[in-house]
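# Residue-level structural notes
Residues per chain, in single letters:
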Amino acid sequence: MGERWVFWFFAAVSLAAALFVARRVPETKNRSLDEIQSALAAR
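Scope of this entry: the structure provided in the associated data block. (Residues numbered from 1 in each chain as written. Predicted model: local features only at pLDDT ≥ 70, side-chain atom pairs only at ≥ 80, totals over all residues. Heavy atoms only, no water.)

### Some remarks on the overall build of the protein chain
The helix and strand tally for the protein chain stands at two helices and zero strands. C-alpha atoms of the protein chain, sized along the principal axes, occupy 50 × 20 × 10 Å. Burial status across the protein chain gives 2% buried among its 43 residues. Accessible area for the protein chain stands at about 4400 Å²; split by element, carbon and sulfur atoms hold 64% of it. (Helix = DSSP H or I, 4+ residues; strand = E, 2+ residues; numbered from the N terminus. Buried < 20%, exposed > 50% of the residue type's maximum accessible area, 1.4 Å probe, protein only. Areas by Shrake-Rupley, 256 points an atom, 1.4 Å probe, with all protein chains shown as cover.)

### Things to note about the packing of aromatic side chains
Both the distance between ring centres and the angle between the ring planes are used here to describe each pair of aromatic rings. One pass over the structure, following the stated rule, counts one aromatic pair. Between Phe-7 and Trp-8, the aromatic rings sit 5.2 Å apart at their centres with planes inclined by 75 degrees, giving edge-to-face as the arrangement. (Phe/Tyr/Trp six-rings, centres within 6.5 Å; stacked < 30°, edge-to-face > 60°.)

### Section: unusual backbone geometry
The residue Asn-30 is not glycine, and still its phi comes out positive at about 60 degrees. Along the polypeptide, Asn-30 turns up in the loop between α1 (3-24) and α2 (33-42). Here Asn-30 falls in the exposed class, since its relative accessible area comes to 75%.

### Remarks on the environment of Val-21
Within the secondary structure, Val-21 is located in helix α1. Since its relative accessible area comes to 46%, Val-21 is described here as partly exposed. Considered as a pair, Val-21 and Trp-5 are 16 residues apart in the sequence and their alpha carbons are 24 Å apart.

### Overview of the environment of Ala-11
Mapped onto the elements of the fold, Ala-11 is located in helix α1. Distance from Ala-11 to Gln-37, taken between C-alpha atoms, is 33 Å for residues 26 residues apart in sequence.

### Overview of α1
Note: α-helices contain 3.6 residues per turn, so residues at a spacing of three or four share the same orientation. In a regular helix each residue adds 1.5 Å, so 22 residues correspond to 32 Å; α1 covers 32 Å between its end C-alpha atoms and thus fits that length. Little of α1 sits out of view: just zero of its 22 residues are buried. (Expected span 1.5 Å × (residues − 1).)

If you want it as structure tokens, here you go:
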């Protein structure tokens, strides 16, 4: 396959992971546990 394909595969997986985190992982900074649980339940 070569080194180039390994790099591009890693780049694609990293991009997919970043998009997943940006869309699916809620922000929890400065929130109480109750607020976080309410936000997750509303989804």
